[in-house]
Amino acid sequence: MVLEKYVEILLVEDNPGDVLLTQEVLKEGRISNHVSVATDGEMAIDLLKKRGDFSESTTPDLILLDLNLPKKSGREVLEFIKNDPELKHIPVIILTTSKDEADIMRSYQQHCNCYITKPVDFDQFTEVVKKMEDFWFTIVKIPKKES
């Protein structure tokens with residue numbers, strides 16, 4: 001059963017396998033959604049600021065952000081988002097392989113909304129994304145801001 005809610009998601013991830021898997025799990029979920037993908041930190045910022053090829057992009061309702069990205073790291077992207085008055089309201093979920101306590105602490109200090117360590121196992125990863133979707137899209141109220 002798909003709920004009548006619609007969510008715009010920005011997935012910032014450079015691993016094609018993780019992108020595909022995340023998109024598939026979200027497509028099968030209960031929430032109607034559209035997933036835009038940025039494969040590096042600079043692309044994510046350009047998409048969020050609607051620069052260049054992204055002038056027609058939609059402001060996401062939620063951002064899934066990997067920390068380890070080319071060009072600009074996820075840490076830099078998070079800092080940019082949370083320091084931008086037009087973007088800081090968007091919930092940012094860190095979805096990364098890093099289990100480093102310094103990364104976790106820094107992410108929360110930079111006001112991420114949630115930190116999830118990606119499981120390496122396919123089935124566990126699928127389950128984590130499903131639980132994340134259920135929590136963030138059926139329980140939590142996400143602010144909507146017109147694009």
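See above for the structure.
So, how was this worked out
As a convention, each chain's residues are numbered from 1 in the sequence order in which they are written. In keeping with the predicted nature of the model, local features appear solely for residues at pLDDT of at least 70, side-chain atom pairs appear and are counted solely at 80 or more, and the whole-chain, interface and lining totals rest on all residues. Each side-chain value is derived from all of the structure's non-hydrogen atoms; neither hydrogens nor water enter the calculation. Counting rule for disulfides: a pair of cysteine sulfur atoms within 2.5 Å. Only protein chains enter the accessibility calculation, which uses a 1.4 Å probe; a residue is then buried when its area is under 20% of its type maximum, exposed when over 50%, and partly exposed in between. Numbering of helices and strands runs from the N terminus, with a helix taken as a DSSP run of H or I at least four residues long and a strand as a DSSP run of E at least two residues long. Multiplying 1.5 Å by the residue count of a helix minus one yields the expected span of that helix. Directions drawn from the helix axis to the C-beta atoms are what define this arc. A 3.5 Å cut-off defines polar contacts: any pair of N or O atoms within that distance qualifies, except that in protein one atom must be a possible hydrogen donor and the other a possible acceptor, and neighbouring residues in sequence count only when both atoms are side-chain atoms. In this text, buried Ala, Val, Leu, Ile, Met, Phe, Trp, Tyr and Cys residues form a nonpolar core when linked through side-chain atoms within 4.5 Å. Pairs of residues are marked as contacts when any of their non-hydrogen atoms sit within 4.5 Å. Pairing between two strands requires that DSSP report at least two bridges joining them. With the strands pointing away from the viewer, any crossover whose connection runs clockwise from the first strand over the helix to the second is right-handed.

Engineer: Would you mind showing me how to read the state of the cysteines here?
Structural biologist: Put plainly, a disulfide is one covalent bond tying together the sulfur atoms of two cysteines. Following the criterion strictly, the structure yields zero disulfides and no others. Free of any disulfide, Cys-112 has its nearest cysteine sulfur in Cys-114, 7.1 Å distant. Cys-114 gets classed as buried once you look at its relative accessible area, which sits at 17%.

Engineer: Please clarify how helix H5 (residues 122–139) should be interpreted in this entry.
Structural biologist: Residues that lie three or four places apart on an α-helix share one face, since the helix turns once every 3.6 residues. Look at H5: 25 Å from first C-alpha to last across 18 residues, which is about the 26 Å you get at 1.5 Å a residue. Those residues of H5 that sit buried are Phe-125, Thr-126, Val-129, Met-132, Glu-133, Trp-136 and Phe-137. Down the axis of H5, the sector holding all buried residues measures 130 degrees, keeping them to one side. Structural note: H5 exposes Asp-123, Lys-131 and Ile-139 on the side pointing more than 90 degrees away from its buried face. Its side-chain oxygen placed 3.1 Å from the backbone nitrogen of Asp-123, Asp-121 serves as the N-cap of H5.

Engineer: Honestly, the nonpolar core in this entry has me stumped. Any pointers?
Structural biologist: In globular proteins that are soluble, nonpolar side chains generally tend to be buried together. Residues Leu-64, Ile-93, Trp-136 and Phe-137 are the most contacted members of the largest nonpolar core, which totals 22 residues. Every element with two or more residues in this core is listed here: strand S1 (3–12), helix H1 (16–27), strand S2 (31–38), strand S3 (62–65), strand S4 (92–96), strand S5 (114–117) and H5. Top element by residues in this core is H5. It accounts for five residues. Discounting residues that sit within four places of it in the chain, Leu-64 has contacts with Ile-9, Leu-10, Leu-11, Val-12, Thr-22, Leu-26, Ile-93 and Met-132. Residues Leu-48, Leu-69, Leu-87 and Cys-112 belong to the second largest nonpolar core, which totals 20 residues.

Engineer: Looking at this structure, I do not really get the pairing of S3. What am I missing?
Structural biologist: One face of the sheet, then the other: side chains in a regular strand alternate in exactly this way. In S3, alternate side chains face the same way, and those of Leu-62 and Leu-64 on one face and Ile-63 and Leu-65 on the other are all buried. Looking at chain direction, S3 and S4 are connected through three bridges and run parallel. In the strand pairing of S4, Leu-64 is matched with Ile-93. Regarding the hand of the β-α-β motif, the stretch spanning S3, helix H3 (residues 74–83) and S4 is right-handed.

Engineer: Hey, could you run me through the side chain of Asp-18 in this one?
Structural biologist: Relative to the helices and strands, Asp-18 is located in helix H1. Asp-18 sits in the buried class, given a relative accessible area of 18%. Within the structure, the side chain of Asp-18 is placed 2.8 Å from the side chain of Lys-118, a separation counted as a polar contact. Ignoring anything within four residues of it in the chain, the contact list for Asp-18 reads Glu-13, Lys-118 and Phe-125.

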